[in-house]
Structure formats: C-alpha cells, structure tokens
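In case you want the letters, here they are:
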Amino acid sequence: GEDVEQSLFLSVREGDSSVINCTYTDSSSTYLYWYKQEPGAGLQLLTYIFSNMDMKQDQRLTVLLNKKDKHLSLRIADTQTGDSAIYFCAERGRDDKIIFGKGTRLHILP
Amino acid sequence: NAGVTQTPKFQVLKTGQSMTLQCAQDMNHEYMSWYRQDPGMGLRLIHYSVGAGITDQGEVPNGYNVSRSTTEDFPLRLLSAAPSQTSVYFCASRDGRRVGETQYFGPGTRLLVL
C-alpha cells in the first residue's frame, strides 16, 4: 500500500533555512502536500505541488519534487520561532485517498 | 462559513461503551475523511467518503463505522470502545471537483478510553 516517510525531528537555528524531507511510495500520486500543526491545534495546509511540477515557491517556502526518486522537500527560508511546529507530508493517490507521513517536529534554536 | 466542525471537543469513555463523533461541513464538499492522530504515528486515515451514500475504508478502519446520508455530515461511530482507540480524531473535507483544492480540517476530538 501507500507509504509516506519523514524524519521525526529537525533542529535549526533561528535565521537559518530549514529543509524537511519526505519520501513516498505511490508512483501514481497526483498531488503532494505540506501541512503544519502547532501545539494543540489542527492541521493547516501550507502548500501543495502537482505531480508534474518540479518546484513551487511561495514566499519563504520552496517545495522541490523529484518524481523519479519519489522525494519531496520543504525548505523554509529565514526560519523564525513561529515556524516551530510539526510538519506533515501527505500524498494523494489516484484513488483520491490522502495519506500522511508521521510528521517532522521542527525545533528552533535561539 | 463555519468550515469543518466537530463535536464533542473532549470525551472520556469506558471500555465497551459506544459513541458517535460528529463532523459537519457547510462548504458543499463532496469528499470527507476521518483521521486519527497518535504520538509518533502521524495521521492515519480511518474511513473516507467521496459523496453522499458512498464510503470506503482507509488505513485503520477496524472498530469504526461511518455513514454519509447527507453531503454535510459524516459521523464516526465507535460501537464498543477499546483503550487502543484513545486518540485525537480529525475530520477533514475537500471539494473533490476542482484541481488542487485544499483539504480543510476540523479542530479535532480528544478521546480517552479507560
């Protein structure tokens, strides 16, 4: 079945760039998503990329997709304390189910 | 629009009790889903629906039932609660008819089964 993998933790100094990586197994994925979850809150969609795109930029966020390697990354430029959260990668397959990774907890160092 | 609403926010059950988690959306979305979130496990899809009258199983459907009699509502039923069902439950919806549409999440229901 489908599987989405992410590393569980990432620590980054304030002002540096954060890069969160994700791999997925479903080669028929149509969309890939990045969600942010702050403590005690629900999930907020940050950005998404269509499977025929290589890159998408939205202000401080850059998404890179390597479809051949089934690898997705989220780069957050100039990381701020407000970026501290859990980031979830998710894929939408041709059956339209959206499957999530386990989430990467981003910790910002002063 | 209220978006996606879930009730209750919190619930404590004893093993073997039954209950229904309510989810409603007012955006006329076709697709609705239920996820559970457990520490270190991310979000796992329980059941989903692509329209009124249509439901399908996700990754972890056992112990849960769903129905979709209207577009707006997608209740999740626990017939006989077990401690393994202690979790935070999120309902989500999306249009399903447009390219790249966003999936909206409800605020979650925290369930503790003793």
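This text goes with the structure placed above it.
Rules behind the numbers
All chains use their own residue numbering, which begins from 1 and follows the written sequence. A letter from A marks each chain and a number from 1 marks each ligand, given out in the order of writing. Residues qualify for local features only when their pLDDT is at least 70, as the model is predicted, and side-chain atom pairs are given and counted only at 80 or more; totals for whole chains, interfaces and linings, by contrast, use all residues. Each side-chain value is derived from all of the structure's non-hydrogen atoms; neither hydrogens nor water enter the calculation. In this text, helices come from DSSP runs of H or I with a minimum length of four residues, and strands from runs of E with a minimum of two, each type numbered from the N-terminal end. C-alpha atoms define the radius of gyration, and 2.2 Å times the number of residues to the power 0.38 defines the globule rule. Think of it in three bands: residues with accessible area under 20% of the maximum for their type are buried, residues over 50% are exposed, and the middle band is partly exposed, with areas taken using a 1.4 Å probe on protein chains only. The Shrake-Rupley method, run with a 1.4 Å probe sphere, supplies the accessible areas, and residue values consider only the shown protein chains as cover. His is not counted, nor are the chain ends, whereas Lys and Arg count as positive and Asp and Glu as negative. Charge coordinates come from a single atom per side chain, which is NZ of Lys, CZ of Arg, CG of Asp or CD of Glu. Points on a 1 Å grid over protein atoms alone make up a cavity when a 1.4 Å probe fits among them but cannot get out, and a pocket when they form an open set with protein on both sides within 12 Å along at least five of seven lines; lining residues each have an atom within 4 Å of a point. Grid points are joined across faces, edges and corners, and a volume is the space filled by probe spheres set on the points. Basically, the charged four are Asp, Glu, Lys and Arg, the nonpolar ten are Ala, Val, Leu, Ile, Met, Phe, Trp, Tyr, Cys and Pro, and anything else, Gly included, counts as polar.

Undergrad: Any details on the overall build of chain B? Residues and values, ideally.
TA: Along chain B, the regular secondary structure elements total zero helices and 11 strands. Secondary structure elements of chain B occur, N-terminal to C-terminal, as β-β-β-β-β-β-β-β-β-β-β. Its C-alpha radius of gyration of 13 Å places chain B within 12% of the 13 Å reference for a compact globule of 114 residues. By principal-axis analysis of the C-alpha atoms, chain B measures approximately 40 × 30 × 25 Å. Relative to its full complement of 114 residues, chain B shows a buried share of 49%. About 5,200 Å² of surface is accessible on chain B, with carbon and sulfur atoms providing 51% of the total. Here chain B contributes 10 positively and 9 negatively charged side chains, and the mean placements of these two sets differ by 8 Å.

Undergrad: Can you lay out the layout of surface pockets for me, pointing to particular residues and giving the numbers?
TA: Space inside the largest pocket adds up to approximately 490 Å³. Put simply, the parts of the chain that give the lining of the largest pocket at least two residues each are strand E9 (85-92) and strand E11 (104-109) of chain A together with strand E4 (31-38) and strand E9 (87-94) of chain B.

Undergrad: Would you mind going over empty space enclosed by the protein in detail, with residue names and values included?
TA: Per the stated rule, a full pass over the model turns up one cavity of 30 Å³ or more. Empty space within the largest cavity amounts to approximately 60 Å³. Lining of the largest cavity is provided by A:Asp96, A:Lys97, A:Ile98, B:Tyr31, B:Met32, B:Ser33, B:Leu45, B:Tyr48, B:Ser49, B:Arg94 and B:Gln103. Elements with a contribution of two residues or more to the lining of the largest cavity: E4 and strand E5 (42-51) of chain B. Residues of the lining of the largest cavity, tallied by class, amount to five nonpolar, three polar and three charged.

Any functional reading would require information beyond the geometric quantities listed.
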